[in-house]
Amino acid sequence: MLIKDCLFCKIIIGEIPCCKVYENEKILAFKDINPVAKVHVLIIPKIHIENTGQRKYIDTLGELLLSTDAIAKKLNILESGYRIITNKGKDAGQIIDHIHLHLIGGEPLNPLN
Ligand code: 5GP
Ligand code: ZN
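Not measured: the values here are computed from a predicted model. (Residues numbered from 1 in each chain as written. Chains lettered and ligands numbered in written order. Predicted model: local features only at pLDDT ≥ 70, side-chain atom pairs only at ≥ 80, totals over all residues. Heavy atoms only, no water.)

Caption draft 1: Inspection of the packing of aromatic side chains at higher detail. Inspection of every chain in the model, using the stated rule, returns one aromatic pair. The interplanar angle of 80° and the centroid separation of 5.6 Å between the aromatic rings of F8 and F30 together place this pair among those described as edge-to-face. Linking F8 in helix α1 (residues 7–13) with F30 in strand β2 (residues 27–31), this pair joins segments that are 22 residues apart in sequence. Of the two residues, F8 and F30, neither departs from the other in class, the shared state being buried. (Phe/Tyr/Trp six-rings, centres within 6.5 Å; stacked < 30°, edge-to-face > 60°. Helix = DSSP H or I, 4+ residues; strand = E, 2+ residues; numbered from the N terminus. Buried < 20%, exposed > 50% of the residue type's maximum accessible area, 1.4 Å probe, protein only.)

Caption draft 2: Structural context of the site of ligand 1. Near ligand 1 lie 15 residues; those nearest to it are D32, G93, I95, H100 and H102. Taking D32, its side chain carries an N or O atom lying 2.5 Å from an oxygen atom of ligand 1. Measuring from an oxygen atom of ligand 1, one finds a side-chain N or O atom of H100 at 2.8 Å. Surface burial for ligand 1 is 84%, taken as the share of its 520 Å² of free accessible area covered by protein chains. By residue class, the composition of the shell around ligand 1 is seven nonpolar, six polar and two charged. (Near = heavy atom within 4 Å. Polar contact = N/O pair within 3.5 Å; in protein donor to acceptor, adjacent residues only side chain to side chain. Areas by Shrake-Rupley, 256 points an atom, 1.4 Å probe, with all protein chains shown as cover. Nonpolar A, V, L, I, M, F, W, Y, C, P; charged D, E, K, R; others polar.)

The structure is reproduced here in structure tokens:
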């Protein structure tokens, strides 16, 4: 369920501190250490899932997406809007192999292209 040398698993068990903004039974959300916008939060499942593509994790993956409005509301950006990004693999720049959504907002964001 959790992996010994995974940074985000360590955050889940409290071995590495984080600035928590939200949690429920299945997910944890905390501020990104290197924010790219005024609001930049990472949302992770409380079990170690490397990335998308495995049907057996459909409930947990769904939970990640369902949580974003509650988190945005807590951060007062539900009305103004936000962007969700997940990086998969080398070309996308995934550096941590524990799936995470980047929730970004708090200011107007640049268009994707
Ligand atoms: P990725 O590139 O894998 O999609 O994103 C990983 C994110 O994790 C990066 O935005 C990076 O700033 C963030 N990050 C890396 N190490 C830590 C940490 O120790 N604590 C927190 N809160 N964020 C981290
Ligand atoms: Zn992990």
